[in-house]
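# Structural overview for review
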Amino acid sequence: AGILTNDLSEKLSLVVKPASMPDTEWAVLKSTFEANVKRVRELSEGSAAVKAYEDVYAAYLNLLIRVARAILTEVEPKVDAADKDKLLQAKQSLDTAETRLRNGELDKAKESYNAAKTVLDEAVKKAKAPKSMGGGANAIVAIAPDLSLAAAMRLPRLFTLTEFAD
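Residues numbered from 1 in each chain as written. Predicted model: local features only at pLDDT ≥ 70, side-chain atom pairs only at ≥ 80, totals over all residues. Heavy atoms only, no water.

## Remarks on empty space enclosed by the protein
Definition in use: Grid points spaced at 1 Å over the protein atoms alone were grouped into cavities, where a 1.4 Å probe fits but cannot get out, and pockets, open sets with protein on both sides within 12 Å along at least five of seven lines, with lining residues defined by an atom within 4 Å of a point. Grid points are joined across faces, edges and corners, and a volume is the space filled by probe spheres set on the points. Helix and strand definitions follow DSSP, with helices as H or I runs of at least four residues and strands as E runs of at least two, each counted in order from the N terminus. Each residue gets one of three labels, nonpolar for Ala, Val, Leu, Ile, Met, Phe, Trp, Tyr, Cys and Pro, charged for Asp, Glu, Lys and Arg, and polar for the others, Gly among them.
Tallied over the full model, the rule gives 2 cavities of 30 Å³ or more. What the second largest cavity holds in volume is close to 30 Å³. The wall of the second largest cavity is formed by D83, K86, L87, V119, E122, A123 and K126. Elements supplying a minimum of two residues to the lining of the second largest cavity: helix 4 (81-102) and helix 5 (106-128). Of the residues forming the lining of the second largest cavity, the biggest block, 4 residues, is contributed by helix 5. Here the lining of the second largest cavity is composed, by residue class, of 3 nonpolar, no polar and 4 charged.

Printed below as a string of structure tokens:
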């Protein structure tokens, strides 16, 4: 459990707070995760440590879902109508992930999060793609940097204990 917890801590360090997410919300999400990490590190008994790891994983997944939701809000105005429909599906997947997380269905919550992440990755790529201004060989390419959207590209895919056993 300790090794897996360390892996999640390392992955969390790569997640960037979206610009639209309030600092207080980010701080609460991170402190909840860190409190659960501390608990895992303090436990030595097997089943208690595994349960504590599940709590760490749930806090981690909750943070990723909230970050993905903020990124979805940021990217939505930057995509075309067809992609807005896909983003609606991603929003529904995030809603499902939150419900499953509340119900303790971590594997199912992970699946819903990953489904939303796939759509978000595609939408972010399209939103960040250079837009041609003008025409022909003299077209000016405008790229607007957006660090929050770049953060979406680094949202990790989630794995479970059973996937590590394979």
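There's more to say after this.
## Topic: the confidence of the model for the chain
Let me state the cut-off plainly: By definition, pLDDT measures how confident the predictor is in each residue, and it falls between 0 and 100. Two residues qualify as a contact provided that any one of their heavy atoms is within 4.5 Å of a heavy atom in the partner residue.
Here the chain averages 75 in pLDDT, while 75% of its residues score no lower than 70. Confidence drops under a pLDDT of 50 for residues 132-154, and excluding neighbours within four residues, the segment shows 40 contacts in the predicted structure. Below pLDDT 50 for its whole length, residues 159-166 participates in 13 contacts with residues either more than four positions away or in separate chains.

## Focus on helix 4
What counts, and what does not: To estimate the expected span of a helix, subtract one from its residue number and multiply by 1.5 Å. Think of it in three bands: with a 1.4 Å probe and only protein chains considered, a residue is buried below 20% of the maximum accessible area for its type, exposed above 50%, and partly exposed in between. Think of it as the arc spanned by the lines of direction from the helix axis to the C-beta atoms.
Under the 1.5 Å per step criterion, the end-to-end length of helix 4 is 32 Å for 22 residues, consistent within 8% with the ideal 32 Å. Restricting attention to buried positions, one finds in helix 4 the residues D83, L87, A90, S93, L94, A97, E98 and L101. Taken end-on, helix 4 shows its buried residues confined to a sector of 140 degrees, consistent with a single buried face. Helix 4 presents A81, D85 and R102 as exposed residues on the side facing more than 90 degrees away from its buried surface. For helix 4, the secondary structure elements touched by its buried residues are helix 3 (46-75) and helix 5.

## A word on the nonpolar core
Short version of the rule: Grouping buried Ala, Val, Leu, Ile, Met, Phe, Trp, Tyr and Cys residues that are joined through side-chain atoms within 4.5 Å yields what is termed a nonpolar core.
Counting 42 residues, the largest nonpolar core has F33, L63, V75, L87 and Y113 as its most contacted members. Counting residues per element, the ones that place at least two in this core are helix 1 (2-12), helix 2 (23-42), helix 3, helix 4 and helix 5. Counting residues per element, this core draws most heavily on helix 3, at 17 residues. Those residues in contact with F33 that sit more than four places away from it in its chain are L8, S9, L12, V56, A59 and Y60.

## Digging into the packing of aromatic side chains
As a reminder of what qualifies: Side-chain rings of Phe, Tyr and Trp (the six-membered ring for Trp) are treated as a pair once their centres are within 6.5 Å; stacked means planes under 30 degrees apart, edge-to-face means over 60, and tilted covers the remaining angles.
Scanning the model with the defined rule gives 2 aromatic pairs in all. With a centroid separation of 6.0 Å and an interplanar angle of 50 degrees, the aromatic rings of F33 and Y60 are classed as tilted. Of the two residues, F33 sits in helix 2 while Y60 sits in helix 3, which places them 27 residues apart along the sequence. The class of Y60 is buried, set by a relative accessible area of 0%. A centroid spacing of 6.1 Å and a plane angle of 40 degrees characterise the contact between Y53 and Y57, whose relative ring orientation is tilted. Taken together, the residues span about one helical turn, with Y53 and Y57 both in helix 3 at a distance of 4 residues. Since its relative accessible area comes to 5%, Y53 is described here as buried.

## Some details on the pattern of salt bridges
This is how the line gets drawn: Salt bridge criterion: a side-chain nitrogen from Lys or Arg within 4 Å of a carboxyl oxygen from Asp or Glu.
Applying the stated criterion to the full structure yields 9 salt bridges. With a shortest N-O distance of 3.0 Å, R69 and E98 are connected by a salt bridge. Of this pair, R69 sits in helix 3 while E98 sits in helix 4, and the two are 29 residues apart along the sequence. Take E98: its relative accessible area is 19%, and that puts it in the buried class. A salt bridge links K86 to E122, with the nearest nitrogen and oxygen atoms 3.0 Å apart. Pair noted here: K86 is in helix 4 and E122 is in helix 5, with a separation of 36 residues, a long-range link. Taking relative accessible area as the criterion, K86 reaches 35% and is therefore assigned partly exposed. Taking the relative accessible area as the measure of exposure, E122 reaches 34% and is therefore partly exposed.

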